[in-house]
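Structural features, examined
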Amino acid sequence: MGETITFWVLAVVSVGAALGMVFSRKAVYSALMLGTVMLCLAVLYAVQDAPFLAAVQIIVYTGAIMMLFLFVLMLVGVDSSDSFVETLKGQRFWAIIAGLGFLALIVLAIGNVIFAPETGLAAATQGGGYIRSIALLLFTKYVFAFEITSALLITAALAAMVLAHREQLTEKKTQKDLSRARFLGDRPSPLPGPGTYARNNAIDMPALLPDGSVAESSVNRYIARYDVEHDHLPEDPKLAEAIKHTAEDDKAPTEAERDAESNEVTK
C-alpha cells in the first residue's frame, strides 16, 4: 500500500516537473525542474529495493552533473529575452529529427513495458546481487545504450554552452587595444580605490587624493545611487556631494545607451 501511494505521488510530481522543464522559458528553471525529476527517480529506485541505483542517481546525476549545469547557467547569466537569430545553421531540422527519434524511443519503451513479460527483482539479480547484475548488463547487453547516455551528457554540456553563447556584433578588443585606448584617454592610471587616504576603507566612501580632494570616480555608481535613494550619505559635506554627483551621472544615459537608442530610431 505504501509503495503504491509513494509511486502515485512521485509520478504526479515527476511528470509535472518534466512538463515544467519542457515548457519553462528560463533555462535555470528548466534545470531546477530536471533536478526534481531526478530526485523523484532516486526515491522510486529506493522504494523498489535498489539502494545502489538510488545513491548513484542522487550523488552522480543530481548532485554532480545536474548541479554543474545549474551553476554554469546561473554564473553565466542567460538572457531571458527570446532571440530569433539562428547561430547554428540547420539546427531546427536536426532538432525535429531528434525529437521524432526520441518520440519513437518513448513509444518503444512504453510498448515494452506493457507487452513484455515481467522479470521480477529476484530473477534480475540472480547473477550474484544487484550491483554485479547491473554491471554485467551495463557492460555487456546494454553497453551501446550506456555509451549513448554518456554522449547525451556531453550533448547537455554543449547545450549549456550554446545557451550561454552571445552574438559578437563588433570586433572584440584585445588587451593591446584596451591598453592603447587607456593611455590615449583622460585617465591612464587605474581608478582610485574607495576609502583610499580616508578614515575608513568602506566601499561606499569616496577616496581622498593626496592633495585632500575627493575622487568622485572611486565610488561605484550603483552604490552611490543606493545611498542617495536610502539617505545613507556621510556627514562630511564633501563626501556627500561627491556621492550625489556620482548618482546623478549614473542617471544620465551613457554613450552606448545613446547609440542603442539612435539605432532603434533608425530601424
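The shown structure was predicted, so the numbers you read here are calculated from the model rather than taken from an experiment.

The rules behind the values
Starting from 1, residues in each chain are numbered consecutively following that chain's sequence as written. Side-chain atom pairs in this predicted model are given and counted only at pLDDT of 80 or more, local residue features only at pLDDT of at least 70, and totals for whole chains, interfaces and linings cover all residues. Side-chain metrics in this entry use all non-hydrogen atoms of the structure; hydrogen atoms and water are not considered. Put simply, DSSP marks the helices as runs of H or I at least four residues long and the strands as runs of E at least two long, and each gets a number from the N terminus on. Under the scheme applied here, a residue whose accessible area is under 20% of the maximum for its type counts as buried, over 50% as exposed, and between as partly exposed, the area being computed with a 1.4 Å probe on protein chains only. We call two residues in contact whenever any of their non-hydrogen atoms come within 4.5 Å of each other. A 1.4 Å probe and the Shrake-Rupley method give the accessible areas. Residues count as covered only by the protein chains that appear here. Here, the term nonpolar core denotes a set of buried Ala, Val, Leu, Ile, Met, Phe, Trp, Tyr and Cys residues that are joined through side-chain atoms within 4.5 Å. Ring pairs shown here join Phe, Tyr and Trp side chains whose ring centres sit within 6.5 Å, with only the six-membered ring taken for Trp; geometry is labelled stacked below 30 degrees between planes, edge-to-face above 60, and tilted in between. Scored from 0 to 100, pLDDT records how confident the predictor is in each individual residue. To obtain an axis, a line is fitted to C-alpha atoms, over the contacting stretch when the element is a helix, and the angle between two such axes runs from 0 to 180 degrees between their N-to-C directions. Relative orientations are named as follows: roughly parallel for angles under 35 degrees, roughly antiparallel for angles over 145 degrees, roughly perpendicular for angles from 65 to 115 degrees, and oblique for any other angle. Throughout, a crossing is termed right-handed when the near helix is turned clockwise from the far one, and left-handed when it is turned anticlockwise from it by less than a right angle. One less than the number of residues in a helix, times 1.5 Å, gives the span that helix is expected to have. Think of it as the arc spanned by the lines of direction from the helix axis to the C-beta atoms. For patches, a residue must show more than 30% relative accessible area and have no salt bridge; joins then use 9 Å for like charges and 5 Å for nonpolar side chains, namely Val, Leu, Ile, Met, Phe, Trp and Tyr. Any Lys or Arg side-chain nitrogen found within 4 Å of a carboxyl oxygen on Asp or Glu counts as a salt bridge. Under the counting rule used here, the positive set is Lys and Arg, the negative set is Asp and Glu, and His together with the chain ends is not counted. Where a charge lies is defined by one atom per residue type, namely NZ (Lys), CZ (Arg), CG (Asp) and CD (Glu).

A word on the overall build of the chain
Helix and strand content of the chain: eleven helices and two strands. Looking at the chain residue by residue over its 267 residues, the buried ones come to 14%. Pairs at least 24 residues apart make up 46% of the contacts formed inside the chain by residues separated by at least 6 positions. When the accessible surface of the chain is summed, it comes to about 20400 Å², and 66% of that surface belongs to carbon and sulfur atoms.

Some details on the environment of Cys 40
Looking at the element boundaries, Cys 40 is found in helix H2 (residues 27-47). Measuring from C-alpha to C-alpha, the distance between Cys 40 and Gln 57 comes to 9.7 Å, with 17 residues separating the pair along the chain. Residue contacts for Cys 40: discarding those within four places in its chain leaves Leu 10, Val 13 and Ser 14.

Quick look at the nonpolar core
Core analysis: the largest hydrophobic core is formed by six residues, namely Met 205, Val 219, Ala 224, Leu 239, Ile 243 and Ala 247. Among the elements that take part in this core, helix H10 (residues 237-251) stands out by supplying three residues, more than any other. Beyond its immediate stretch of four places on either side in the chain, Ala 247 contacts Ala 224, Arg 225 and Val 228.

Notes on the packing of aromatic side chains
For any two aromatic rings, the description comes down to two numbers: the centre-to-centre distance and the angle of the planes. Per the counting criterion, the structure on display carries three aromatic pairs. An angle of 75° between the planes, with centres 5.2 Å apart, marks the rings of Phe 93 and Trp 94 as edge-to-face. Take Trp 94: its relative accessible area is 57%, and that puts it in the exposed class.

Considerations on the confidence of the model for the chain
In low-pLDDT regions, the fine details of the predicted coordinates are not to be read closely. For the chain, the average pLDDT comes to 76, and 75% of its residues sit at 70 or higher. pLDDT under 50 marks residues 261-267. Its contacts with residues more than four places away, or in other chains, come to zero contacts.

Some points on the packing of helix H1 (residues 2-23) against H2
Contact geometry for H1 and H2: axes closest at 8 Å, N-to-C directions at 160°. Taken as axis vectors, H1 and H2 run roughly antiparallel relative to one another. Relative to H2, the crossing made by H1 is left-handed. Packed against H1, whose contacting residues are Glu 3, Thr 6, Phe 7, Leu 10, Val 13, Ser 14, Ala 17, Ala 18, Gly 20 and Met 21, the element H2 presents Ser 30, Met 33, Leu 34, Thr 36, Val 37, Cys 40, Val 43, Leu 44 and Val 47 at the interface.

What about H1?
For H1, built from 22 residues, the straight-helix expectation of 32 Å at 1.5 Å per residue is met to within 8% by its first-to-last C-alpha distance of 32 Å. Regarding H1, the residues found buried are Leu 10, Ala 11, Ser 14 and Ala 17. Along the axis of H1, the buried positions cluster into a sector of 150°, meaning they face one direction only. Exposed residues on H1 whose side chains face more than 90 degrees from its buried face are Trp 8, Val 12 and Phe 23. On its buried side, H1 packs onto H2.

Focus: a negative patch on the surface
Taken together, the side chains of Glu 216, Glu 241, Glu 248 and Asp 249 define an acidic patch exposed on the protein surface. By the secondary structure assignment, Asp 249 is in helix H10. With a relative accessible area of 54%, Asp 249 lands in the exposed category.

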